[in-house]
Amino acid sequence: MSTHASDPLAALGSLPGVAEAVDSVRKAVDRVYGHRVMRRRSNEISSEAALRGARGSAALSGADWALEEVRRRTDFSADAEARTVGAALRLGAEAGQLLSIWRQSPLRVLARLHLVAAGDVGLPGAGAGDSVGRPRLDGEAVDEPLIDAPLPTPAEVAGRLDGLAELIVAGSAAPALVMAAVVHGELLALRPFTSYNGLVARAAERIALVGSGLDPKAICPAEVGHAEQGRAAYLAAFEGYLSGTPDGVGAWIAHCGRSVELGVRESTAVCEALQRGAA
């Protein structure tokens with residue numbers, strides 16, 4: 001039996017609002033998995049969830065494109081917004097390939113996610129090649145316009161990344177939502193890379209939710225919900241996480257839970273459209 005000393009995430013399940021959020025997410029996920037369309041067309045739902053999740057994540061990073069524009073475009077190198085959307089799409093496609101590695105070597109997965117997000121480092125604005133796929137060093141700038149919280153030092157980043165990796169590898173009795181929210185929050189707080197930290201943090205949250213078994217078919221894109229709740233709400237919830245208070249961390253976890261529920265609602269709408277023959 002895990003104790004709070006050996007399983008520090010377990011205690012987070014008792015924070016204000018967390019148990020209710022976990023229960024609500026579980027019920028929502030169960031409902032969409034029970035939809036009749038899921039029995040025969042789950043691959044289509046997964047693909048659409050990845051697309052819509054990428055659009056949502058890019059929107060939070062400043063590239064708020066219409067879904068049909070994301071679907072239509074093939075060139076994602078024209079400008080900074082296009083590169084952000086392209087990075088989000090690549091991460092959505094890559095995330096499912098990394099599930100088997102996540103619980104054994106999460107730092108390797110994070111490095112891979114940053115490599116994938118950066119893409120062709122020869123593109124203008126894509127980042128310096130030797131800074132891609134590794135934590136930032138002293139003196140390296142971080143391009144993350146959404147988050148203006150103080151940056152931890154590279155030494156602190158290294159220590160906290162190691163601690164996060166240890167928690168992931170060891171596993172936890174905490175609900176999947178709690179683990180995913182902590183992964184997301186820590187990566188936003190640390191901003192370990194020189195670029196694309198928000199996109200990487202949200203992709204890692206997705207991997208944690210899928211890999212936990214809560215959403216094994218990857219049809220509940222939390223990124224959709226984060227975007228739907230808006231940047232102001234996202235930042236306010238993140239400030240709660242940064243505060244480290246029980247109410248603040250609980251509010252962040254609940255915010256992530258609501259985002260999953262909104263992702264479920266999005267995929268339920270896709271299921272209904274497929275059932276009507278409208279998509």
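Throughout what follows, the structure given in this document is the object of discussion.

The rules we used
Residues numbered from 1 in each chain as written. Predicted model: local features only at pLDDT ≥ 70, side-chain atom pairs only at ≥ 80, totals over all residues. Heavy atoms only, no water. Core = buried A, V, L, I, M, F, W, Y, C linked by side-chain atoms within 4.5 Å. Buried < 20%, exposed > 50% of the residue type's maximum accessible area, 1.4 Å probe, protein only. Helix = DSSP H or I, 4+ residues; strand = E, 2+ residues; numbered from the N terminus. Contact = heavy atoms within 4.5 Å. Axes fitted to C-alpha atoms, helices over the stretch in contact; angles between N-to-C directions. Parallel < 35°, antiparallel > 145°, perpendicular 65-115°, else oblique. Nonpolar A, V, L, I, M, F, W, Y, C, P; charged D, E, K, R; others polar. Phe/Tyr/Trp six-rings, centres within 6.5 Å; stacked < 30°, edge-to-face > 60°. Salt bridge = Lys/Arg side-chain N within 4 Å of Asp/Glu carboxyl O.

1. Notes on the nonpolar core
The biggest cluster of nonpolar side chains holds 85 residues, and the ones touching the most others in it are Trp102, Leu110, Leu113 and Trp252. When residues of this core are assigned to their parent elements, the largest contribution, eleven residues, is made by helix α8 (residues 176–190). Apart from the residues within four sequence positions on either side, tryptophan 102 is in contact with Val109, Leu110, Ile168, Val183, Ala204, Ile207 and Ala208.

2. A few points about unusual backbone geometry
With glycine set apart, most residues show a phi of negative sign, and most peptide bonds adopt trans. The backbone phi angle of tyrosine 196 is positive, close to 60°, even though this residue is not glycine. By secondary structure assignment, the location of tyrosine 196 is in the loop between α8 and α9 (197–211). In this structure, alanine 218 takes a positive phi of about 55° despite not being glycine. Inspection of the secondary structure puts alanine 218 in the loop between α9 and α10 (222–229).

3. Comments concerning the side chain of serine 57
Among the secondary structure elements, serine 57 is positioned in helix α2 (residues 38–60). With relative accessibility at 4%, the residue serine 57 sits in the buried group. With residues near it in sequence (within four places) discarded, serine 57 still touches Leu199, Arg202 and Glu223.

4. So, the packing of α10 against helix α12 (residues 246–276)
Where α10 contacts α12, the axes come no closer than 6 Å and their chain directions differ by 110°. Comparing the axis directions of α10 and α12 gives the class roughly perpendicular. Where α10 approaches α12, its residues Ala222, Val224, Gly225, His226, Glu228 and Gln229 are matched on the opposing element by His255, Cys256, Arg258, Ser259, Val260, Leu262, Gly263, Arg265 and Glu266. Residues belonging to the contact of α10 with α12 are distributed by class as follows: five nonpolar, six polar and four charged.

5. Some details on the environment of glutamine 104
Structurally, glutamine 104 is set in the loop between α5 (99–102) and α6 (106–118). It is 9.0 Å that separates the C-alpha atoms of glutamine 104 and alanine 165, two residues lying 61 residues apart in sequence.

6. A closer look at the packing of aromatic side chains
Across all of its chains, the model carries four aromatic pairs by this definition. Between tyrosine 241 and tryptophan 252, the aromatic rings sit 6.2 Å apart at their centres with planes inclined by 55°, giving tilted as the arrangement. On the criterion of sequence distance, the pair formed by tyrosine 241 in helix α11 (residues 231–243) and tryptophan 252 in helix α12 is long-range, its members being eleven residues apart. We classify tyrosine 241 as buried; its relative accessible area is 12%. Note on tryptophan 252: relative accessible area 0%, which makes it buried.

7. Some words on the pattern of salt bridges
Taken as a whole and assessed by the stated rule, the structure comprises 16 salt bridges. The shortest N-O distance in the salt bridge between glutamate 69 and arginine 72 comes to 2.9 Å. Linking glutamate 69 with arginine 72, this pair stays in helix α3 (residues 67–72), spanning three residues, or about one helical turn. As a salt-bridge pair, glutamate 228 and arginine 265 come within 2.1 Å of each other at their nearest N and O atoms. In this pair, glutamate 228 sits in helix α10 while arginine 265 sits in helix α12, placing the two residues 37 residues apart along the sequence. Judged by relative accessible area, glutamate 228 falls into the partly exposed class, the value being 42%. The exposure class of arginine 265 is partly exposed, given its relative accessible area of 46%. Among the charged side chains, a network of salt bridges with common partners joins Glu48, Arg52, Glu68, Arg71 and Glu266.

Read these as geometric descriptors, not functional statements.
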